[in-house]
Amino acid sequence: MDYRFREIEARWQQFWQQEKTFKAENSSSAPKYYVLDMFPYPSGAGLHVGHPLGYIASDIYARYKWLKGFNVLHPMGFDAFGLPAEQYAIQTGQHPAVTTSENIAQYKSQLSRLGFAYDWDREVRTSDPFYYKWTQWAFLKMFDAWYDEETNRARPLSELINRFKSQGTNGLNAARSAGAIDFSAAEWNEMQAEQQQQVLMHYRIAYLADTMVNWCPALGTVLANDEVKDGLSERGGHPVIRKSMKQWSLRISAYAQRLLEGLDSLEWSESAKEIQRNWIGRSEGAVMRFKVMNHEFEIEVFTTRPDTIFGCTFMVLAPESDLVKTLTHPDHRQEVESYVTDAVNRSDRERMAEVKNVTGVFTGTYAAHPFIGEPIPIWVADYVLAGYGTGAIMAVPAHDTRDYAFARQFSLPIVQVIDGDISEGAFDSKDAQVINSGFITGLHVKEAIRVMNLKLEEMGIGYSKVNYRLRDAIFSRQRYWGEPFPVYYRDGLPYPLAEEQLPLELPEVDAFLPTEQGDPPLGRATGWHTPEGYPFELSTMPGFAGSSAYYLRYMDPLNDNTLVDKAVNAYWQDVDLYIGGMEHATGHLIYARFWNKFLFDLGYVCKDEPFRKLINQGMIQGRSSLVYRINGTNTFVSCGLKEAYDVTPLHVDVNIVSNDQLDMEKFRMWRPEFSSAEFILENGVYHCGYEIEKMSKRFYNVVNPDDLADRYGADTLRMYEMFLGPLEQHKPWDTNGIEGVYRFIRKFWKMFFNAGGNFSVSDDEPTSAELKVLHKTIKKVQEDIERFSFNTAVSTFMICVNELGDLKCNKRAVLEPLTILISPYAPHLAEELWHLLGHQTTVARAEFPVFNTGFLVEDTFEYPVSFNGKTRFKLTCATAARPAEVEEAVRNHEQTAKYVAGGAIKKVIVVPGRIINVVI
RNA sequence: GCCCGGAUGGCGGAAUUGGUAGACGCGUUGGACUUAAAAUCCAAUGAACAUUGAGUUCGUGCCGGUUCGAUCCCGGCUCCGGGUACCA
């Protein structure tokens, strides 16, 4: 019987669906295993061959865990809110809900063809009110919580209010916004309710505040830091400017230290952890106050190098700093104001492009050096960022590169206080001695920092402090297609809806555009207010809102009473294996960890970290085909001959190229301008060149998994994607290679059939050679799967089939375990053969074959014999032979004399079961 | 600039703990089967030299070191990929 994969694959996909083969039970005596793929956003373009890579890997692992007796949770769903659908809606007028559900249907059908073992009963969609009820719920919890730095966890706001009532802010150690002020219990109790609300806003984990935001005019919305790359929006590549707006934010900065420390316990790649560490950006330093001369004000600066204070020759304020206005001397007002206006209006992109241009302006005011009392000029310059530290710095040009450039530009003095070369640039090494610095002179930098910090505290002008680069996450988007905030406004202050009023459903609007007054699209919705007439929030939540707790919802997706039932959460705990792209390292993976820690603090979930093991699959790159047109003609020259001509390379659709040979007829039909193309051939064929680049429509190198599943079957495609190379590595796609896997699959199939094409397996006892092949394979496949080395596992199956082919093995005792072994990789094939072998139930719940080392024991070993490290010949010895015996055999071997050739044997090294090395 | 990866045949890659470099697959070449093609099967395939008994030399980005032995460890460099970018 032929290997009819279309029929086989359709049959078993239907079977798994009907039987609910991969339904995960929420309580089970079996151990749990949770395998998760990163939430896909279903774009209109559909899948290309690179997308399923991670899904195939996680599916293989999930199926493997089933075979190992685990109760496996392997769900799939869709991140369905988001900008692309809304942009498309603006262009076409189609409701984003419509296009999104079409895209999901397309995505699901493509996924289904590949035979994934998902529990589809748990599918979630972020745009479904039944789902986003819990996104809104989490927001309400964050609105109603503060962060206690004493116990290092979030707590209900009611606790903070009680505390204010009894002791005000006295002794409070809480994460709060800049500008929060201290007060007594009496002062609190005297405040109006509105005033109290304003105070509380400084402490809420979800809070509303004026913040500098990344405003993207083209998208008409603000963006989070991780949604901006190089001053352009990640979606669409539009310019972004900085702007102050009233926005919802999440106080993720309160979690910076825990997010950093938590990384140590996770099984993530070093690079993924490193990206997060850099993003969190912890730096230890000191805050120091400088008195401004002839003013009552002080300037607070943050520095990581308090040891260099004696080298401070000027100070710099960020243009956005509130102090600029206050401190500027009247004589310099005009100059400063015009500089500040310019700096503030420039887009991030412009600012970045001008990094090399050193600009700044003197305020006319001086601060007093805290130790030597000398006046220090105060400047304003855009190289100091408002959002980091205190928005002001003490400049030490001798030991900071940026300050050095600035001092040079404006001829400011450079005073050296660390021993090192500053003739060409700043000397910023910390492994050096302090000089010229009063009481810290002679100390090593690290010691000097410690001593200085103590001194600052003693003098009451500073203290040591840890700063983080991580900013609070801006949580409002002025867009339509997202979760509405469960918030209404009364007298300009936000109030939460009651939990029972959730979900607050997204209203219909007449257009997905801002209103004429410039309000977000929800401003168009009629009746967008409470029954009492209080208006609802007009912004919606960002894309990361819906994806920050979806892994929890999968545990208990149908529960309408709680995000996830406590007992269910206690069973599934956390994600054991998470597979997805590295591009989420600074966005989703930080937000989800934060969100999870918050829910953990309030006791809603049992694990502090959500994703124990993370694997970032590499990108599948496109392999573009090129043809070479001779300039000024319509003649194309084959790749090998192109050097003799003046040519322009052109991309050609990879689907009309096979094995780098161009189908010239199809090429002429491809596009009208090529209909009269002429060719200069090599040996009668046109060879294309190739280039490895991103898989993208514009390079005509997109390969569709549906086409390949049609031609070779899903099992072949699955195995080929794995065979391509290590999961985490980027690698180019080359459709040619799939033939090799297809040949292998058919060879595998044929082992179960006789010459007449009938299913035929023998019940004879297997030979020791056959058992050896089987057990060698079990061992290797298991080891490979455990270390996520799927490419070598596929090779192992190929070797196994080649060897069993040589042995002409068709014994049930070998083929049956092999069928189970291959079932995670080629599940349809395995299921078909499993049933042909007479089983009634699914192979997916069979037991993974147990490796028996006894079958691999060898009596002899063929030693490679090397002389000074160069292998010369082989020598077969008994496995049990002692090293001395082996050495004896080598010395007496007929070939040995030839390689010793005149020299003398100094030593013979015998590594039992490995190698023999003769040293001459 | 800083941080993190990586570099092995014509191509994708293997070598898990310092022990036979190039598994497996693609491609290429030759052969078998066939009227022919496809499919299938067999053989060869790192390079150079030599040559038909075999062999010899070189070879895992480059230079050096440690070791009986290095793709693997150490020092220095080159190139490629990713992250980040005035973060004080």
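So, how was this worked out
Residues numbered from 1 in each chain as written. Chains lettered and ligands numbered in written order. Predicted model: local features only at pLDDT ≥ 70, side-chain atom pairs only at ≥ 80, totals over all residues. Heavy atoms only, no water. Phe/Tyr/Trp six-rings, centres within 6.5 Å; stacked < 30°, edge-to-face > 60°. Helix = DSSP H or I, 4+ residues; strand = E, 2+ residues; numbered from the N terminus. Buried < 20%, exposed > 50% of the residue type's maximum accessible area, 1.4 Å probe, protein only. Lys NZ or Arg CZ within 6 Å of the ring centre and 35° of its normal. Pairing = 2+ DSSP bridges. Axes fitted to C-alpha atoms, helices over the stretch in contact; angles between N-to-C directions. Near = heavy atom within 4 Å. Polar contact = N/O pair within 3.5 Å; in protein donor to acceptor, adjacent residues only side chain to side chain. Nonpolar A, V, L, I, M, F, W, Y, C, P; charged D, E, K, R; others polar.

(A) Quick peek at the packing of aromatic side chains. Under the criterion given, the structure shown has 80 aromatic pairs. Relative to Phe 15, the ring of Trp 12 has its centre 5.1 Å away and its plane inclined at 80 degrees; by these criteria the two rings are edge-to-face. Linking Trp 12 with Phe 15, this pair stays in helix α1 (residues 5–19), spanning 3 residues, or about one helical turn. Each member of the pair, Trp 12 together with Phe 15, is buried. Taking 6.5 Å as the distance between ring centres and 25 degrees as the angle between the ring planes, the aromatic pair formed by Phe 139 and Phe 143 counts as stacked. Taken together, the positions of Phe 139 and Phe 143, both in helix α5 (residues 129–143) and 4 residues apart, correspond to about one turn of that helix. Phe 143 shares its class with Phe 139; the two are buried. By way of ring pairs, the aromatic residues Tyr 3, Phe 5, Tyr 712, Tyr 742, Phe 744, Phe 748, Trp 749, Phe 752, Phe 753 and Phe 759 are connected into one cluster. Between Lys 642 and the ring centre of Tyr 628, over which it is positioned, the NZ or CZ distance is 4.9 Å.

(B) The sheet that holds strand β32 (residues 907–911), seen in detail. Strand order across the open sheet formed by 4 strands is β31-β30-β33-β32, with mixed pairing between neighbours. Across the chains shown, the open sheet's two edge strands, defined by having one partner strand only, are β31 (870–878) and β32. Strand after strand, the sheet turns through a mean of 20 degrees between neighbouring axes, direction not considered. Alignment of strand β30 (residues 860–867) against β31, held across 8 bridges, turns out to be antiparallel. Pairing of Ser 866 across the sheet is with Thr 871, part of β31.

(C) Geometry of the protein's contact with RNA strand B. As a structural note, the neighbourhood of RNA strand B is formed by 56 residues, with Thr 304, Arg 402, Leu 724, Lys 780 and Asn 917 the closest of them. Within 4 Å of the protein, the contacting atoms of RNA strand B are 62% sugar and phosphate, with bases supplying the remainder. One nitrogen or oxygen atom from the side chain of Arg 872 is found 3.4 Å from a phosphate oxygen belonging to RNA strand B. If you tally residues by element for the surface near RNA strand B, the top one is helix α25 (residues 790–806), at 6 residues. Partitioned by chemical class, the residues of the surface near RNA strand B number 21 nonpolar, 16 polar and 19 charged.

(D) Molecular detail of unusual backbone geometry. For the bond running from Leu 502 to Pro 503, omega is -5 degrees, close enough to zero to count as cis. Its location among the elements puts Pro 503 in the loop between β19 (493–496) and α16 (543–546). If you check the backbone angles, Asn 152 has positive phi at about 60 degrees while not being a glycine. Residue placement: Asn 152 occurs in the loop between β3 (145–148) and β4 (153–156). Its relative accessible area of 39% is what places Asn 152 among the partly exposed residues. Although it is not a glycine, Asn 294 sits at a positive phi angle of roughly 65 degrees. For Asn 294, the location among the structural elements is in the loop between β10 (282–292) and β11 (298–303). A residue is classified by how much of its surface remains accessible, and Asn 294, at 80% relative accessible area, is exposed.

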